[in-house]
Amino acid sequence: MRKHTNPRLKINLFLSLTLLLFGAAESMAQQTLENINQALRYSRYSRVSPKIIPLKEGDRRFRLQMPIEKIEEGIENGIYQFAYAVVGSYQEPLTADKWMELRDVDIIRETGYHFYFEKQVDIPQDQEMAFAVLRVTDTRQGDEYYYHTDLISPFIFEYPEFWGYYSDGIPFDQNFLTMKEPLEFKSRGTISIQHFHYPTLFDIPLPPMEIRPASVPRELTVNYEGEFLTNIPKSFDELGYYFLQTDTTSAAGMLIRSVHDAFPKVKDYEEMVDMVAYISTRREHEALKEAEDKKQALDLYWFNLTKEEEASRKIIREYFKQIEFASILFTDFKEGWKTDRGMVYTVMGPPNEVLFRLNGEIWSYLPENSNSKITFTFARVKNILTPNYYVLNRSRALQPEWFKSITQWRNAQMAF
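All values reported here derive from a predicted model rather than from experimental measurement.

**Student:** Please explain the environment of valine 133 as it appears in this structure.
**Tutor:** Structurally, the position occupied by valine 133 is in strand S8 (residues 130-138). For the pair valine 133 and lysine 294, spaced 161 residues apart in sequence, the C-alpha separation works out to 46 Å.

Okay, structure coming up:
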């Protein structure tokens, strides 16, 4: 049985209203994928988490697997309304006739953790691109949760002939899997899957104002792990990431990041030392890495930031909650907190506005007592492992706000 690791259980009505007000101006215009504010996707107080996992069943035919994770406990019937749509571009209006309502009778399976829908869609032959959108509406406050995915686009190479499923039959809806936790891979018939293990350790990303290129590993170790058959439970027993394929001459495959059993929480003091790099000086971080007793060194590090035990506990609690969310939200072949989006999320907090483009993602923050936005732009980069690989557009102009946020962390003044 999979662990329910998502900690987003706390409800914050004020934040929901803030997000609604922030997006009010956009809602007056015609709604498109390009102007929907999807900040609730990354909120620490979200009540559900929708996903779309497309399976290609023909040249232009897709089966949309739509699991909606229940973060809120004790969900009653009728609280949420569900709908999906398919558009040909990020600019195509999502008019009322585009949305197809999903009713209770459409539920394929409901568990304690998920609602699960499936729908088959056909893309016209003359349509160059296609994107599926899932909308979940909380009828109590009107919050709208969105998730979209490419069906046909320049960022999709090929689709695998299989997918992984939890023991309760729900599709594998994240990129990370606890070591030795089994998945069952299903396909139209019984086929053989080859899997490759990459025991790669990644460095933390450079800060947003560092414009020099990041170092790239000269070599990646890869271990061929052999073949296994679909329709039989399979686990992955080493840390790192795995790439699964039925045809190694094809670009089609499935990525799984294998993680320790504490993930997305911190595992030990060694890992904690790595994670504090974002808010530490270089000298502080080097001293922590060199310390023989990591626990003692960290205790002293946290206390020295504020000289107050309660303030130190606040920093620890909030900082590692951010790390946890970053790992849940952004893990791909890297742990989520080590990605560019995970770094910005950890230091700056959840963005007030999230806008998507075909080739990027734009986060905006609204500082208190300011009419200007702080904007981080992430470029979408083609990657055979995942269609959702994003790299931050770095700029020296981001330095003042970045250092300001770090100072707030070190003074225990961050609040989300």
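**Student:** Quick question: what am I supposed to make of the sheet that holds strand S15 (residues 233-234) here?
**Tutor:** The pairing of strands in a sheet comes from backbone hydrogen bonds and takes either a parallel or an antiparallel form. One open sheet accounts for three strands, arranged S10-S12-S15; its pairing is antiparallel. This sheet does not close on itself; its edge strands, each paired only once, are strand S10 (162-165) and S15. In this structure, S10 lies alongside strand S12 (residues 183-187), joined through four bridges in antiparallel fashion. In the strand pairing of S12, phenylalanine 162 is matched with serine 187.

**Student:** Please clarify how the side chain of lysine 70 should be interpreted in this entry.
**Tutor:** Relative to the elements of secondary structure, lysine 70 occurs in strand S3 (residues 61-70). At 2.8 Å, the side chain of lysine 70 forms a polar contact with the backbone oxygen of threonine 111.

**Student:** Sorry, what's going on with the sheet that holds strand S20 (residues 374-380) here?
**Tutor:** Across the sheet, which stays open at both edges, the four strands sit in the order S18-S19-S20-S21 with antiparallel pairing between neighbours. Across the chains shown, the open sheet's two edge strands, defined by having one partner strand only, are strand S18 (353-357) and strand S21 (390-392). Each neighbouring strand pair of the sheet contributes to a mean axis angle of 25 degrees, computed without reference to strand direction. Strand direction decides the pairing type here: strand S19 (residues 360-365) and S20, joined by six bridges, are antiparallel. By the bridge assignment, tryptophan 363 is partnered in S20 with phenylalanine 376.

**Student:** Help me understand the pattern of salt bridges, please; the structure alone is not making it clear to me.
**Tutor:** Under the definition given, this model contains 25 salt bridges. Across the salt bridge formed by arginine 357 and glutamate 34, the nearest N and O atoms sit 3.7 Å from each other. Of this pair, arginine 357 sits in strand S18 while glutamate 34 sits in the loop between helix H2 (24-28) and strand S1 (48-50), placing them 323 residues apart in sequence. Among the residues examined, arginine 357 registers a relative accessible area of 24% and is labelled partly exposed. Of the charged contacts, one joins aspartate 106 and lysine 119 as a salt bridge, the two residues approaching to 3.2 Å between their closest N and O atoms. Of the two residues, aspartate 106 sits in the loop between strand S5 (100-102) and strand S6 (107-110) while lysine 119 sits in strand S7 (residues 114-122), which places them 13 residues apart along the sequence. Note on lysine 119: relative accessible area 25%, which makes it partly exposed. Where salt bridges share partners, they join Arg47, Glu72, Asp138 and Arg140 into one cluster.

**Student:** How should I be thinking about the packing of aromatic side chains in this particular structure?
**Tutor:** The tally for this structure, following the rule as stated, stands at 32 aromatic pairs. Ring geometry for tyrosine 301 versus tryptophan 302: centroids 5.1 Å apart, planes at 70 degrees, classification edge-to-face. A relative accessible area of 7% places tyrosine 301 in the buried class. Linked through ring pairs, Tyr42, Phe330, Tyr345, Trp363 and Phe378 together constitute an aromatic cluster. The ring of tyrosine 165 is capped by lysine 186, whose NZ or CZ atom sits 5.1 Å from the centre of that ring.

What counts and what doesn't
- Residues numbered from 1 in each chain as written.
- Predicted model: local features only at pLDDT ≥ 70, side-chain atom pairs only at ≥ 80, totals over all residues.
- Heavy atoms only, no water.
- Helix = DSSP H or I, 4+ residues; strand = E, 2+ residues; numbered from the N terminus.
- Pairing = 2+ DSSP bridges.
- Polar contact = N/O pair within 3.5 Å; in protein donor to acceptor, adjacent residues only side chain to side chain.
- Axes fitted to C-alpha atoms, helices over the stretch in contact; angles between N-to-C directions.
- Salt bridge = Lys/Arg side-chain N within 4 Å of Asp/Glu carboxyl O.
- Buried < 20%, exposed > 50% of the residue type's maximum accessible area, 1.4 Å probe, protein only.
- Phe/Tyr/Trp six-rings, centres within 6.5 Å; stacked < 30°, edge-to-face > 60°.
- Lys NZ or Arg CZ within 6 Å of the ring centre and 35° of its normal.

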